[in-house]
Amino acid sequence: MRFLYQAKDSTGGVRNGTIEAFDSETAITMIQEKGLILLSIQKEEDVSGFVKAVEHLWEGVSLYELSVFFRQVATLVEAKVSIVVSLQTVEDQTRNAYLKTIIREMINDIEDGVSLSEAMVKHPEVFKPLSISMIRAGEISGNLERSIMYLAQNSEKNYELNSKIKGALAYPLFVTVAAIIIGFVVFTTVLPKLTGIFKELDVKIPWYTRLFMNIGDFMQVYWWAVAAVMLAGLGAFFYYIKTEDGRKEWDTVKMKIPLIGNIFRCIYVSRFAENLSVLLSGGIPIVKSLIIVSEVVNSSVYESVILRAADEVKIGGAMSNVFSRSEHFPAIVSQMIKIGEESGKISEVLHHMAIFYSKETDRITRNLSTIMEPVLICFIGVGVAIIVFAVLVPIYNITAAM
């Protein structure tokens, strides 16, 4: 079980911390063995775990908040502030209650003699293997300050890449959703009122107008069923892509979507190059670095290719050979990696490659925004034109006949 305690150290300073022990007597003995004078001790209530779980579901830790966390810690450590004081300072400035709880637990663990990397391991929902490996490598090599700085820069770049994805998809997604909602309202309320004129006049109307009338009548009565089917289909889609098979299939489909697929390809290559460069710069062995990168690249397609590269390196081969045989990595990527392997400057080559593909992503997203706007307007215009043609042309014919 876990106990919360308050004790004085040899300098007279008061320390608050947690300790795991079989019972309170064992916990007291362990605290005294650390040279501390116990002031108070109590069992940690189970409700804290429940509160933490609720905070995780309610807030979680976004990539932006994580990048800010690493940047703040890196700045303080670079100023020669101890890691405990740095974390305490960041904790005081953090508004996210869940992240604040995580930082407090890390501070307690470090004060109990645990290393920073071991404290991070206890929170896999926040700190990914890449972050933990970088910190551990810094602790072993004595370059913890540089490792935290690398992580801060890496987190910021990953956040920028994710922002580019959201920025590129935000406009077309918004327009598509708005068009669906407007179309739903038109077919359930507006269209039945307009086509009611034809029913009153009892005149012959074209087949396409009859089709719209039938759709409008159906939607007016069973709109709730149509809405339920649409929501169920959307829910089933998101559920499926969360499964292993669904994620693999969706990752493959994303790469084949016109215009958008090229953005994903550039982002995945940039993420691969940036993260692998950071890990290799931090002294992580190349095989382990490739395995870690395969987990954080966030694409099952690229994950399988990177893992094959790791297997190739294990048997003494070159990872550039695997990338050259993959259709998902541009030829220039495998060529540059091969140059890096031969020159022994693979980390520097990957860093320059990440910069290049980051700029390429910027260029493509800007062009996408320019292209998508008129395309979406044309699609919406065609849809509106069909509805207007189906409704107004018969009205015009009836008026002319009268």
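All figures in this text were calculated on a predicted structure; none of them were measured in a lab.

Novice: Is there a simple way to explain the packing of aromatic side chains in this structure?
Specialist: How two aromatic rings sit relative to each other is set out by the distance from centre to centre and by the angle between their planes. Within this structure, the stated rule accounts for 15 aromatic pairs. When the ring of phenylalanine 218 is compared with that of tyrosine 222, the centres are 5.2 Å apart and the planes differ by 35°; the resulting orientation is tilted. Here phenylalanine 218 pairs with tyrosine 222, and both are found in helix α9 (residues 207-242), just four residues apart, close to one helical turn. The exposure class of tyrosine 222 is partly exposed, given its relative accessible area of 40%. With a centroid separation of 6.0 Å and an interplanar angle of 25°, the aromatic rings of phenylalanine 264 and tyrosine 268 are classed as stacked. Of this pair, phenylalanine 264 and tyrosine 268 are both found in helix α11 (residues 260-281), four residues apart, which corresponds to roughly one turn of the helix. Residue tyrosine 268 is classed as buried on the basis of its relative accessible area, which comes to 2%. What links up through ring pairs into an aromatic cluster is the set Phe264, Tyr268, Phe272, Tyr302, Phe323 and Phe329. Positioned above the aromatic ring of phenylalanine 264 is the side chain of lysine 254, whose terminal nitrogen or guanidinium carbon lies 4.9 Å from the ring centre.

Novice: Which parts of the structure should I look at to understand the nonpolar core?
Specialist: Buried together is how nonpolar side chains tend to be arranged in soluble globular proteins. Ranked by size, the top nonpolar core spans 77 residues in total, and within it Phe127 and Phe272 carry the most contacts. No other element matches α11, which puts 13 residues into this core. Apart from residues no more than four positions distant in its own chain, phenylalanine 272 is found in contact with Leu290, Val293, Val297, Ile306, Phe323, Phe329, Ile337 and Leu350.

Novice: Where do I start with helix α5 (residues 97-111) in this structure?
Specialist: In an α-helix, one full turn covers 3.6 residues, which means residues spaced three or four apart are oriented alike. For α5, built from 15 residues, the straight-helix expectation of 21 Å at 1.5 Å per residue is met to within 8% by its first-to-last C-alpha distance of 21 Å. Residues of α5 that are buried: Tyr98, Leu99, Ile102, Ile103, Met106, Ile107, Asn108, Asp109, Ile110 and Glu111. One or two steps after α5, the chain reaches glycine 113, where phi turns positive at roughly 105°.

Novice: Honestly, the packing of helix α3 (residues 63-78) against helix α4 (residues 83-93) in this entry has me stumped. Any pointers?
Specialist: Each pair of packed helices gets described by two things: the angle between the helix axes and the distance between those axes. Running from amino to carboxyl end, α3 crosses α4 at an angle of 140°, the nearest separation of the two axes being 9 Å. Here α4 runs oblique to α3, going by the angle between their axes. In terms of crossing hand, the pair formed by α3 and α4 is right-handed. Residues Phe69, Gln72, Val73, Leu76 and Val77 of α3 form the contact with α4, whose own contacting residues are Ile83, Ser86, Leu87, Thr89, Val90 and Gln93. Residues that form the contact of α3 with α4 fall into these classes: seven nonpolar, four polar and no charged.

Novice: Teacher, can you tell me more about the pattern of salt bridges here?
Specialist: Close approach of charged atoms allows side chains of opposite charge to pair. Summed over the entire model, instances satisfying the criterion amount to eleven salt bridges. Salt-bridge contacts for lysine 80 lead to glutamate 145; the nearest nitrogen and oxygen are separated by 3.3 Å. Note that lysine 80 is positioned in the loop between α3 and α4 and glutamate 145 in helix α8 (residues 144-201), a separation of 65 residues in sequence. Residue classification places lysine 80 among the exposed residues on the basis of a relative accessible area of 66%. With a shortest N-O distance of 4.0 Å, glutamate 244 and lysine 248 are connected by a salt bridge.

Definitions and cut-offs
Residues numbered from 1 in each chain as written. Predicted model: local features only at pLDDT ≥ 70, side-chain atom pairs only at ≥ 80, totals over all residues. Heavy atoms only, no water. Phe/Tyr/Trp six-rings, centres within 6.5 Å; stacked < 30°, edge-to-face > 60°. Helix = DSSP H or I, 4+ residues; strand = E, 2+ residues; numbered from the N terminus. Buried < 20%, exposed > 50% of the residue type's maximum accessible area, 1.4 Å probe, protein only. Lys NZ or Arg CZ within 6 Å of the ring centre and 35° of its normal. Core = buried A, V, L, I, M, F, W, Y, C linked by side-chain atoms within 4.5 Å. Contact = heavy atoms within 4.5 Å. Expected span 1.5 Å × (residues − 1). Axes fitted to C-alpha atoms, helices over the stretch in contact; angles between N-to-C directions. Parallel < 35°, antiparallel > 145°, perpendicular 65-115°, else oblique. Left-handed = near helix turned anticlockwise from the far one by under 90°. Nonpolar A, V, L, I, M, F, W, Y, C, P; charged D, E, K, R; others polar. Salt bridge = Lys/Arg side-chain N within 4 Å of Asp/Glu carboxyl O.

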